[in-house]
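Now for the letters of each chain:
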Amino acid sequence: MRTSPTFMGVIYFLIGIMFMYLAIQNVSTAGWNFWTFLFIGVATIDIVIGIRFFRLKKQMESERKE
């Protein structure tokens, strides 16, 4: 079963938001440390992947119209 790029984009965005939440909670409890930067890095990568899935969906739709 194939999943749509839109669904995968939403999933990656939600995972990125979860890691941003973890980073914010970690800063408020323990301050800026290694784990905070790790959470921020993973959140950034997940959000970028989500954006790439949305762009892929847009590209697929434009190729279908041609």
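Our subject is the structure that appears above.
A. Highlighting the overall build of the protein chain. Within the protein chain, the regular secondary structure consists of two helices and zero strands. For 66 residues, the compact-globule estimate of 2.2 N^0.38 gives 11 Å, and the C-alpha radius of gyration of the protein chain, at 15 Å, exceeds that figure by more than 25%. For the protein chain, the spread of C-alpha atoms along the principal axes amounts to about 55 × 20 × 15 Å. Residues classed as buried in the protein chain amount to 17% of the 66 residues present. Contacts in the protein chain between residues at least 24 apart in sequence constitute 67% of all its contacts with a sequence separation of at least 6. Just so you have it, the protein chain exposes about 5,300 Å², and 68% of that area is on carbon and sulfur atoms. Here the protein chain contributes 7 positively and 4 negatively charged side chains, and the mean placements of these two sets differ by 1 Å.

B. Layout of helix H1 (residues 5-30). For H1, with 26 residues, the first-to-last C-alpha span of 37 Å sits near the 38 Å given by 1.5 Å per residue. Looking only at H1, the buried set comprises Pro5, Gly9, Gly16, Phe19, Ala23 and Asn26. Next to the buried residues of H1 lie helix H2 (34-65). Remark: Gly31 follows H1 within two positions and exhibits a positive phi of approximately 85 degrees.

C. Representation of H2. With 32 residues, H2 should cover 46 Å at 1.5 Å per step; its first-to-last C-alpha distance of 47 Å lies within 8% of that length. Those residues of H2 lying buried are Thr36, Phe39, Ala43, Asp46 and Gly50. Lining the buried residues of H2 we find H1.

D. Fine view of the environment of Ile47. Within the secondary structure layout, Ile47 lies in helix H2. The spatial distance from the C-alpha of Ile47 to the C-alpha of Ser28 is 22 Å, given a sequence separation of 19 residues. Apart from the residues lying within four places of it in its own chain, the contact partners of Ile47 are Phe13, Gly16 and Met20.

Rules and cut-offs
Residues numbered from 1 in each chain as written. Predicted model: local features only at pLDDT ≥ 70, side-chain atom pairs only at ≥ 80, totals over all residues. Heavy atoms only, no water. Helix = DSSP H or I, 4+ residues; strand = E, 2+ residues; numbered from the N terminus. Rg over C-alpha atoms; globule rule 2.2 N^0.38 Å. Buried < 20%, exposed > 50% of the residue type's maximum accessible area, 1.4 Å probe, protein only. Contact = heavy atoms within 4.5 Å. Areas by Shrake-Rupley, 256 points an atom, 1.4 Å probe, with all protein chains shown as cover. Lys, Arg positive; Asp, Glu negative; His and termini not counted. Charge placed at Lys NZ, Arg CZ, Asp CG, Glu CD. Expected span 1.5 Å × (residues − 1).

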